[in-house]
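Listed here are the chains, written in short residue letters.
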Amino acid sequence: MDISKEADMGDGDISKVMGFTGFGKLQKSAKKFDLDAIFEKTRREAKIILSHNVSRDETNASDDIDDMLIGPPMSLAKPDTVTTEDHASSSSPIAAKEMDSDEDSDYADQDDPTSHFPITHEALLQHGSKPVSGITFDPAGARLVTGGYDFELKLWDFVSMDRRLKPFRCAAPCGSHQIKAVQFSPTGDAILVCPGSSQAKVLDRDGRAKGECPKGDQYIVNMTNTKGHIANLNCACWQPKQRSHFLTCSHDCTLRLWNIDEDSKISQLNVIKCRNKQGKRCVPTTCTFSPDGKLIATALQDGSLQLWNSKGPFVQPCMKLLTAHSVGTDTSCLCFALDNRYLASRGGDDSLKLWDIRQFKRPVGVVLDLENVFPMTECCFSPDQQTIITGTSVQKGKGESELLFFDKQLEKLKSISIEDSSVVRCAWHPKLNQIFVGCASGAVHAYYSPDHSNRGVKLCIVKEEKRKSSISEQTSATVTIITRKSLIMGRCANGVTFVKLIRCQCFARISRAI
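Note that this is a predicted model, so its numbers are computed, not measured. Residues take numbers from 1 onward in each chain, read along the sequence in its written order. The model is predicted, so local features are restricted to residues of pLDDT at least 70 and side-chain atom pairs to those at 80 or more, both for listing and for counting; the totals for chains, interfaces and linings are taken over all residues. Excluding hydrogens and water, the side-chain figures rest on all heavy atoms present in the structure.

Observations regarding the overall build of the protein chain
Of the regular secondary structure elements, the protein chain holds seven helices and 28 strands. We call a residue buried when its accessible area falls under 20% of the maximum for its residue type, exposed when it is over 50%, and partly exposed in between, using a 1.4 Å probe and counting protein chains only. Among the 514 residues that make up the protein chain, the fraction classed as buried is 41%. Residues are treated as being in contact if the distance between any of their heavy atoms lies within 4.5 Å. Intrachain contacts of the protein chain at a sequence separation of at least 6 include 48% that bridge at least 24 residues. Here, Shrake-Rupley sampling with a 1.4 Å probe gives the accessible areas, and only protein chains in the shown set may cover a residue. Carbon and sulfur atoms make up 54% of the accessible area of the protein chain, which totals about 30,600 Å². Only DSSP runs of H or I reaching four residues or more are called helices, and only runs of E reaching two or more are called strands; each is numbered from the N terminus.

Comments concerning the sheet that holds strand β1 (residues 121-126)
Here, strands pair whenever DSSP counts at least two bridges between them. Across the sheet, which stays open at both edges, the four strands sit in the order β1-β28-β27-β26 with antiparallel pairing between neighbours. Since the sheet does not close on itself, it has two edges, and those belong to β1 and β26 (423-429), each with one partner. Between one strand axis and the next, the sheet turns through 20 degrees on average, direction left out of account. The sheet contact formed by β26 and strand β27 (residues 434-439) spans six bridges and is antiparallel. From the neighbouring strand, Val423 faces β27, where its bridge partner is Cys439. Angular values range over 0 to 180 degrees, each being the angle between N-to-C directions of two axes fitted as lines to C-alpha atoms, with helices fitted over their stretch in contact.

Notes on the nonpolar core
Ranked by internal contacts, the top residues of the largest apolar core, which has 30 residues, are Leu352, Phe381, Leu403, Phe405 and Ile435. Examining the composition of this core, we find that four residues originate from one element, strand β24 (residues 402-406), more than from any other. Those residues in contact with Ile435 that lie beyond four places of it in its chain are Pro118, Ile119, Ile389, Leu403, Phe405, Ala427, Trp428, His445, Ala446 and Tyr447. Counting residues in hydrophobic clusters, the runner-up holds 18 residues, among them Ala123, Val132, Phe436 and Tyr448. By convention a nonpolar core is built from buried Ala, Val, Leu, Ile, Met, Phe, Trp, Tyr and Cys residues, the set being connected through side-chain atoms within 4.5 Å.

Section: the packing of aromatic side chains
Side-chain rings of Phe, Tyr and Trp (the six-membered ring for Trp) are treated as a pair once their centres are within 6.5 Å; stacked means planes under 30 degrees apart, edge-to-face means over 60, and tilted covers the remaining angles. The tally for this structure, following the rule as stated, stands at nine aromatic pairs. Taken together, a centroid distance of 4.9 Å and an interplanar angle of 70 degrees make the contact between Phe137 and Phe436 edge-to-face. On the criterion of sequence distance, the pair formed by Phe137 in strand β2 (residues 132-137) and Phe436 in strand β27 is long-range, its members being 299 residues apart. On the basis of relative accessible area, Phe436 is assigned to the buried category, the value being 0%. Centroid distance Trp238 to Phe246: 5.5 Å. Interplanar angle 70 degrees. Geometry classified as edge-to-face. For the pair shown, Trp238 and Phe246 are each scored as buried. Among the aromatic residues, those joined into a cluster by ring pairs are Phe117, Phe405 and Trp428.

Quick look at the pairing of strand β15 (residues 295-300)
Of all six residues in β15, six are buried, a share of seventy percent or more. Because side chains alternate across β15, one face comprises the buried residues Leu295, Ala297 and Ala299, and the other comprises Ile296, Thr298 and Leu300, equally buried. The pairing of β15 with strand β16 (residues 305-309) spans five bridges and is classified as antiparallel. Each residue of the ladder has a partner; that of Ile296, found in β16, is Trp308. What sits between the antiparallel neighbours β15 and β16 is a turn of four residues, in which Gly303 has the positive phi angle 85 degrees.

Observations regarding the sheet that holds strand β17 (residues 319-321)
Ordered in space as β14-β15-β16-β17, the four strands form an open sheet in which the pairing is antiparallel. Each end of this open sheet is capped by a strand with a single partner; those strands are β14 (284-289) and β17. Strand-to-strand twist across the sheet, computed as the mean angle between neighbouring axes with direction ignored, equals 15 degrees. Two elements, β14 and β15, share five bridges in a ladder whose sense is antiparallel. Bridge assignment links Phe289 to a residue of β15, and that residue is Ile296.

Concerning a nonpolar patch on the surface
Residues Leu35, Ile38 and Phe39 make up a contiguous nonpolar surface patch of roughly 300 Å² in combined accessible area. Checked against the element boundaries, Ile38 lands in helix α2 (residues 35-68). A patch is a set of surface residues, each over 30% in relative accessible area and not in a salt bridge, joined within 9 Å for like charges and within 5 Å for the nonpolar side chains Val, Leu, Ile, Met, Phe, Trp and Tyr. Every case where a carboxyl oxygen of Asp or Glu lies within 4 Å of a side-chain nitrogen of Lys or Arg is listed as a salt bridge.

Focus on the side chain of Ser422
Position of Ser422 among the secondary structure elements: in the loop between β25 (412-417) and β26. Residues adjacent in sequence count toward polar contacts only when both atoms are side-chain atoms; beyond that, a polar contact is any pair of N or O atoms within 3.5 Å, and within protein one must be able to donate a hydrogen and the other to accept it. Side-chain polar atoms of Ser422 contact the backbone nitrogen of Val394, separated by 3.0 Å.

Here we look at unusual backbone geometry
Residue Pro313 follows Gly312 across a cis peptide bond; omega there is 0 degrees. You can see Pro313 is positioned in the loop between β16 and β17. Backbone geometry at Asp350 places phi at a positive 60 degrees, although glycine is not the residue there. Tracing the chain through its elements places Asp350 in the loop between β19 (342-347) and β20 (351-356).

Considering the environment of Ile272
Along the chain, Ile272 falls in strand β13 (residues 266-273). In sequence terms Ile272 and Met223 are 49 residues apart; their C-alpha atoms lie 9.2 Å from each other.

A few points about the side chain of Thr286
Within the secondary structure, Thr286 sits in strand β14. With residues up to four places along the chain from it excluded, the contact list for Thr286 reads Cys235, Cys249, Ala297, Thr298, Ala299, Thr331, Ser332, Cys333 and Leu334.

Comments concerning the pairing of strand β7 (residues 190-195)
β7 sits mainly inside the fold: six of its six residues count as buried. The antiparallel pairing of strand β6 (residues 179-184) with β7 creates a hairpin that spans five residues between the two strands, and Gly188 there sits at a positive phi of about 80 degrees. Pairing of β7 with strand β8 (residues 201-204) involves four bridges; the strand directions are antiparallel. Bridge assignment links Val193 to a residue of β8, and that residue is Lys201. Where β7 hands over to β8, the hairpin turn is made up of five residues, counted between the paired strands.

So, the pattern of salt bridges
Here the structure, examined in full by the defined rule, presents 12 salt bridges. A salt bridge links Arg143 to Asp206, with the shortest nitrogen-to-oxygen separation between them at 2.7 Å. You can see Arg143 sitting in strand β3 (residues 143-148) and its partner Asp206 sitting in the loop between β8 and β9 (209-212), a full 63 residues away along the chain. A relative accessible area of 14% places Arg143 in the buried class. Note that Arg358 is salt-bridged to Asp356, the shortest N-O span being 3.0 Å. Residue Asp356 is classed as buried on the basis of its relative accessible area of 10%. Connected through salt bridges with shared partners, the residues Arg143, Asp157, Asp206 and Arg208 form a single ionic network.

As structure tokens, this is what we get:
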């Protein structure tokens with residue numbers, strides 16, 4: 001026992017000398033904080049800092065005011081005189097009339113839904129002498145492409161174009177086939193051309209060929225086993241969410257999905273067979289994608305509308321309406337609203353109908369007696385999706401065609417007389433806020449507003465025509481060179497030889513150019 005006590009005493013002495021309480025692992029406890037005290041301390045410090053900053057800002061402001069006030073103090077005017085003058089000026093009959101007129105105009109603009117339509121001014125672009133069957137813009141609104149029955153494709157650049165309104169490129173990419181539709185890709189780097197042949201073409205944004213769809217085998221009965229269309233095309237459009245996918249429809253009773261790769265090689269992805277209510281093959285007249293790319297809408301010659309899921313399967317349509325338009329007529333256009341709910345159809349039975357795909361059995365609104373004689377007469381939505389525009393057709397020399405504006409219930413809002421030629425294509429660009437109308441006479445009417453429109457045609461009409469300088473004109477003139485041996489030596493009436501006369505004329509030209 002004594003020995004253990006001495007050992008304990010020795011350890012205690014050693015721990016005191018070394019400065020620690022014991023050997024081995026010690027039990028540690030978490031440190032405790034008084035949160036209320038910490039918050040109270042922080043609150044007191046914040047009050048002190050804030051009061052110091054406020055007092056410093058007040059002193060700086062007073063110093064600045066003292067520096068600004070130079071010279072004797074200004075005498076303050078009586079408040080009564082100021083208020084009476086203001087009251088007199090505001091209560092005058094002229095001022096009251098001006099205020100009332102301004103308020104009335106503001107209320108009139110709010111009540112009139114057509115006040116923001118860009119139709120106050122017009123410019124004319126001449127594509128050719130035959131119907132304009134295709135109009136498209138790039139997404140930025142810098143370029144316009146038009147195609148027509150004259151086999152030509154014309155490209156217009158609003159930045160470089162002057163007031164003469166001439167295209168910078170003209171091409172015939174499809175040879176002797178009429179152009180039925182053109183469309184810029186969603187990225188603006190390619191142009192899809194739908195000709196009257198069975199092979200659609202893809203061009204770059206400068207109009208140069210990139211690729212062409214393959215042609216199918218016309219001796220194969222099953223259309224899914226062919227690598228392309230075997231009859232003339234009716235319509236073509238890009239997939240809005242896939243920059244390399246596009247859709248075509250043809251008289252061979254099929255819709256075909258295509259892909260163009262980075263090497264500009266076009267390959268077929270899927271084939272959709274179109275059938276009527278008896279299960280027989282039927283010709284699709286037009287086709288389009290919904291803005292989200294999930295639905296494919298097509299119209300058939302039996303008057304039906306069919307909606308397909310773009311991801312398949314392509315056995316049966318997901319929605320079908322057999323009595324949308326009259327049997328045996330060609331529906332010329334289908335257009336989705338940006339909300340993916342409303343679908344407008346321009347029928348060959350002289351009608352315009354608006355459909356809600358959530359209740360697809362009956363239309364939301366119908367307009368009849370809108371003459372339509374072209375298989376690509378177009379309808380489209382305004383940028384705010386509250387207005388639908390379309391055009392009418394007329395016989396040549398029997399009146400004027402009209403551009404019509406309708407609301408969502410297809411109530412007529414406005415009409416514009418175009419000319420004694422049918423309206424074929426119409427487009428309303430959301431960024432430019434300008435309306436372009438292609439007519440059967442080959443003219444393209446551009447409507448804009450100086451207040452509501454942006455860039456586009458407004459950039460061109462203010463530019464002066466580019467003229468050649470006098471020096472370039474002199475240098476570009478053709479000069480006939482006469483050699484000494486071929487010159488018949490003789491003299492003029494005044495005794496000057498021909499050689500000397502030519503030298504004098506050349507010297508005079510050069511001096512005038514300089």
